[in-house]
Every structure is written in C-alpha cells, then in structure tokens.
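Listed below, chain by chain, are the residues.
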Amino acid sequence: MAVYQATTSAPVNIACIKYWGKRDTKLILPTNSSLSVTLDQDHLRSTTTSRADPSFSKDRLWLNGKEEEIKEGGRTATCIKEMKSLRKQVEDANPNEPKLSTYPVHICSRNNFPTAAGLASSAAGFAALVSSLAALYALPASPSQLSLISRQGSGSACRSLFGGFVAWEMGTAADGSDSYAVEVAPQSHWPEIHALICVVSDDKKGTSSTAGMQRTVETSPLLQHRIKHVVPERMKAIKEAILAKDFDTFAKITMQDSNQFHAVALDTDPPIFYMNDVSRAIIALIVEYNRLSVENGGKVKAAYTYDAGPNAVIYTPKENLKEIIPLILKYFPQAEKYNDHLGLFGTASVDG
Ligand code: DP6
C-alpha cells in the first residue's frame, strides 16, 4: 500500500510596508498592497507534514503537538478545500492518478520558535500548510498561485511562499484572483541585509491583528488617507530602493511605514496600542544611532519596524550588527543570554 505524505517548511516574514485592513474579510482581500522580507529558513520557520489516507475518518490538524479543531468554513478548512480542488483538476486530467482529493488528510505543524513570542507565526504556519499539501498532491502550481490560497488562511501568509523581498499586490478583482504575492528580489540579490529580532515581551497580544484591523477599517479616517495617498507611492519607492540596494531609502520608508501603521492603530476607536515603553525606547536608540552616523557624514544604518505587538525587528546591513547588538545589550539588559549564531563576536562575550 502506497504512503502519501509530504513535509515542507516556510519561514516567517516581517513587513516593511504593512498590511492593515481588509476589503473582503472572507476572501482576505487587503485595502492596500504590502511588502516584506522573508527571514532565513534556518531561524524562524514552521515545518508541516501532511498525509492523505483513505482509512482516515476526517481531516485533522495538530499544532506543536496539540490537536486543533478544524472549524467548518474556517480558514484552515478553506485552505484544505481549495488545495483538494486543485488536486481534483490534476486527477481529472490524468485518470491514472490516485484519487488523493477524496482522502481525508492529517496535518501536523511545528514552529521552531515559541508561538507565544508574538512573532508572525500564522504567516509561516499557513504558508507551510499550503506548501506541504502542494507537495503531497504533486501540484504543478507556482508560488504565486499557492499564495492565492495561503492568503485565505492569513493575509500575511501569502508573502511567506517566497524567500527574499516579496510584494503582496492587493489586486482589484472581487473574486481575489489578482491578489497574490510576487517576488521583488531573491535574498541573494541583497544578502547583506539582516534582521535582528528583539523580543520585548512574549505575552500574547491584547488585540489580534484580525480584530484590530477590522476595527481600524470601520473607524479610522487616517486609514483612508494611508491607503489612497501614502502606500501606493511607498510601494513603488521601496521596490526601487531594494533593486538599487539603497539601504538609506529602504530604511527610511520602513520606519515611516511602521510609524504610520501604529498611528492608524491609535486613530482606531477605541484606540489600539501595540508598542510599549521599551518599544519606544528602542525607537529612540535607533533614531539616535542613525542621527550620529548621518551627522558624521555617514548613512542611515538601521531600520526598526513593529507589527501588532511590542517586539522590535531591526533591519541592518550585516556590517553594523557588531555595533548594534552591544548597543541594545547595553541599554536593555537581557533576560536570556544573546545567542551569537552568526559568530560575530568570536569567543568574546558581548554582554560581559
Ligand atoms: C501587522 O496576516 O496576521 O503583521 O489576515 O487577519 O490573519 P489576518 O492578519 P495577519 O496581519 C498581519 C498584520 C501585520 C502587518 C503585515 O504583516 O503586513
């Protein structure tokens, strides 16, 4: 008896131009395009195994070893249904193919980072779920085609189908057929860019992205200005900056967009606060660090960005990490020892 099983991984992505707002909550169609950097597979990723078997009684899902209910009509059920229908097309075209689309699936997913750390676990999770089903079903689909489906799991998940620099083009079609992710540049185009993740708090966030963005759409006048007059130009400018490897422009746009996303959260009624005092102190430190560099004739060296939580992600060319890490460690004493996986500091201690 043949075994039909596949395992794949997908990494976390962190947006530089933020997705915040849906024009269709069921299909997960955004009110603006967005752009992110997909992190390295080695560090933060979800790994998912899918198995199809006619002896299974129903579709089932385990996250980090714990079974989760697959709610009828919910996001996971939608992704599985869409993937089965793509498989059905393959079977209809090739009658000799086993009828995997009719078998229930068991899906088992694990993150190699703490889910509670407030990092974008749903993006990696849904991207890994969709790519493991694509491998199980031997689908000829491209990453952009698969992104149409992972988008319906979690909007930001559509961008984790690609590595490197990725845009999610919002599209205009009512059925969502032109709302998918595209590669702007592979990681190899600009490998110097690194992301430093500062876990300020690993508490679960107060207002989920899904609920928060819906409230923003309903109540924030600033969001309307952002989606019409700000994001389209920023998308164009940041793509050009990435292609030209212009870190100065990339960093300025990334910080401006993080600021505007949090301004829009504050403009929501009732207001939403995702950053805390430590988040703001990290912003002040990066602003000062960049100011000193520019005043001395240098360039902008680092860019902060914050999602729907207090944790900072700092983008910087690798050469600056040797300065930035000791700076952060000096002003923000660490609960856990810094993990020098890049070997930047040799055997010397950076927090001693
Ligand atoms: C602030 O993709 O988690 O991280 O589509 O409702 O699942 P849903 O939301 P989600 O929102 C991510 C919001 C963000 C910005 C971004 O990643 O672009």
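Residues numbered from 1 in each chain as written. Predicted model: local features only at pLDDT ≥ 70, side-chain atom pairs only at ≥ 80, totals over all residues.

Where an unreviewed UniProt entry is consulted, the protein chain appears under the name Diphosphomevalonate decarboxylase, with the organism given as Meripilus lineatus. Turning to the protein chain, the UniProt annotation filed under Catalytic activity (unreviewed entry) states: "(R)-5-diphosphomevalonate + ATP = isopentenyl diphosphate + ADP + phosphate + CO2". Quoted straight from UniProt, the Pathway (unreviewed entry) entry for the protein chain says "Isoprenoid biosynthesis; isopentenyl diphosphate biosynthesis via mevalonate pathway; isopentenyl diphosphate from (R)-mevalonate: step 3/3." (UniProt positions renumbered as here; feature names shortened; annotations may be inferred.)

*Asks:* Run through the overall build of the protein chain, naming residues and quoting values.
*Replies:* Looking only at helices and strands, one finds 8 helices and 14 strands in the protein chain. For 352 residues, the compact-globule estimate of 2.2 N^0.38 gives 20 Å, and the protein chain sits close to it at 21 Å. With respect to the three principal axes, the spread of C-alpha positions in the protein chain is 70 × 50 × 40 Å. Taking all 352 residues of the protein chain together, the buried fraction comes to 40%. A separation of at least 24 residues holds for 70% of the contacts in the protein chain among residues at least 6 apart in sequence. (Helix = DSSP H or I, 4+ residues; strand = E, 2+ residues; numbered from the N terminus. Rg over C-alpha atoms; globule rule 2.2 N^0.38 Å. Buried ≥ 20, exposed ≤ 12 C-beta atoms within 10 Å, placed from the backbone. Contact = placed C-beta atoms within 7 Å.)

*Asks:* Break down the environment of lysine 245 for me, citing the residues and quoting the values.
*Replies:* As for its position among the elements, lysine 245 is in the loop between helix 5 (221-243) and helix 6 (247-266). For lysine 245, a count of 13 C-beta atoms within 10 Å translates into the label partly exposed. Counting along the chain gives 55 residues from lysine 245 to tryptophan 190, while the straight-line C-alpha distance between them is 6.7 Å.

*Asks:* Tell me about the pairing of strand 2 (residues 13-17), and name the residues and values.
*Replies:* In terms of residue burial, strand 2 counts as a mostly covered element, since 5 of its 5 residues are buried. One ladder, built from 4 bridges, connects strand 2 with strand 5 (residues 34-38); its direction is antiparallel. What sits directly across from isoleucine 17, in strand 5, is leucine 35. (Pairing = 2+ DSSP bridges.)

*Asks:* Give a detailed account of the pairing of strand 7 (residues 60-63), specifying residues and quantitative values.
*Replies:* With 4 bridges connecting them, strand 7 and strand 9 (residues 105-111) associate as parallel partners. Within strand 9, the residue paired with leucine 63 across the bridge is serine 109. Of the pairings in the sheet, the one linking strand 7 to strand 8 (residues 66-68) comprises 3 bridges and is antiparallel in character. Its bridge partner being in strand 8, leucine 61 is matched across the sheet by glutamate 68. Following strand 7, the chain reverses through 2 residues before pairing antiparallel with strand 8; asparagine 64 in that reversal takes a positive phi of roughly 50°.

*Asks:* I'd like a rundown of the nonpolar core, residues and numbers included.
*Replies:* In summary, soluble globular proteins display a tendency toward joint burial of nonpolar side chains. One finds Leu35, Ala127, Val130 and Ile238 to be the most contacted residues of the largest nonpolar core, which totals 79 residues. A total of 10 residues in this core trace back to one element, the largest contributor, which is helix 2 (residues 121-136). If we skip the residues at most four places from it in the chain, leucine 35 touches Ala15, Cys16, Ile17, Val166, Ala167, Val184, Met235 and Ile238. (Core = buried A, V, L, I, M, F, W, Y, C linked by C-beta atoms within 7 Å.)

*Asks:* Mind laying out the sheet that holds strand 10 (residues 164-169), listing which residues take part and the relevant values?
*Replies:* The 4 strands are arranged 2-5-10-11 in an open sheet whose pairing can be described as antiparallel. With one partner strand each, in any of the chains shown, strand 2 and strand 11 (180-185) form the two edges of the open sheet. Averaged over neighbouring strand pairs, the angle between their axes works out to 35° when direction is ignored. Sheet topology places strand 10 next to strand 11; 5 bridges connect them, and they run antiparallel. Considered in strand 11, the bridge of valine 166 is made with glutamate 183. (Axes fitted to C-alpha atoms, helices over the stretch in contact; angles between N-to-C directions.)

*Asks:* How would you explain the sheet that holds strand 12 (residues 193-198) if you had to name every residue and give the values?
*Replies:* Spatially, 12-14-13 is the arrangement adopted by the 3 strands of the open sheet, whose pairing is antiparallel. In the strand order of this sheet, the two ends are held by strand 12 and strand 13 (303-306), each with one partner. Put simply, the sheet's adjacent strands are angled 25° from each other on average, direction ignored. Here 6 bridges tie strand 12 to strand 14 (residues 312-317), and the two strands are oriented antiparallel to one another. Among the inter-strand pairings, alanine 195 is bridged to a residue of strand 14, identified as tyrosine 315. The strands touched by helix 6 within the sheet are strand 13 and strand 14, with strand 13 carrying the most contacts at an inclination of about 30°. Sheet contacts for helix 7 (residues 277-295): strand 12, strand 13 and strand 14; angle to strand 13, the most-contacted strand, approximately 160°.

*Asks:* Go over unusual backbone geometry with me, naming the residues and quoting the values.
*Replies:* Cis peptide bonds are those with omega within 30 degrees of zero, and the linkage from aspartate 269 to proline 270 qualifies with -10°. When you line up the elements, proline 270 lands in the loop between helix 6 and helix 7. For alanine 138, which is not a glycine, the phi torsion comes out positive at approximately 50°. By the element assignment, alanine 138 lies in the loop between helix 2 and helix 3 (143-150). We note that lysine 245 has phi near 55°; this positive angle belongs to a residue other than glycine.

*Asks:* Explain helix 5 residue by residue, including any values.
*Replies:* Its 23 residues give helix 5 an end-to-end C-alpha distance of 33 Å, which sits within 8% of 33 Å, the value for a rise of 1.5 Å per residue. Approximately 45° is the largest bend angle found in helix 5, and it occurs at valine 230, with the proline proline 232 only one to four residues beyond. The elements touched by buried residues of helix 5 are strand 2, strand 5, strand 10, strand 11, helix 4 (209-219) and helix 6. With its phi angle positive at about 55°, lysine 245 sits one or two positions after the end of helix 5. (Expected span 1.5 Å × (residues − 1). Bend = angle between axes of the 7 residues up to and from the residue.)

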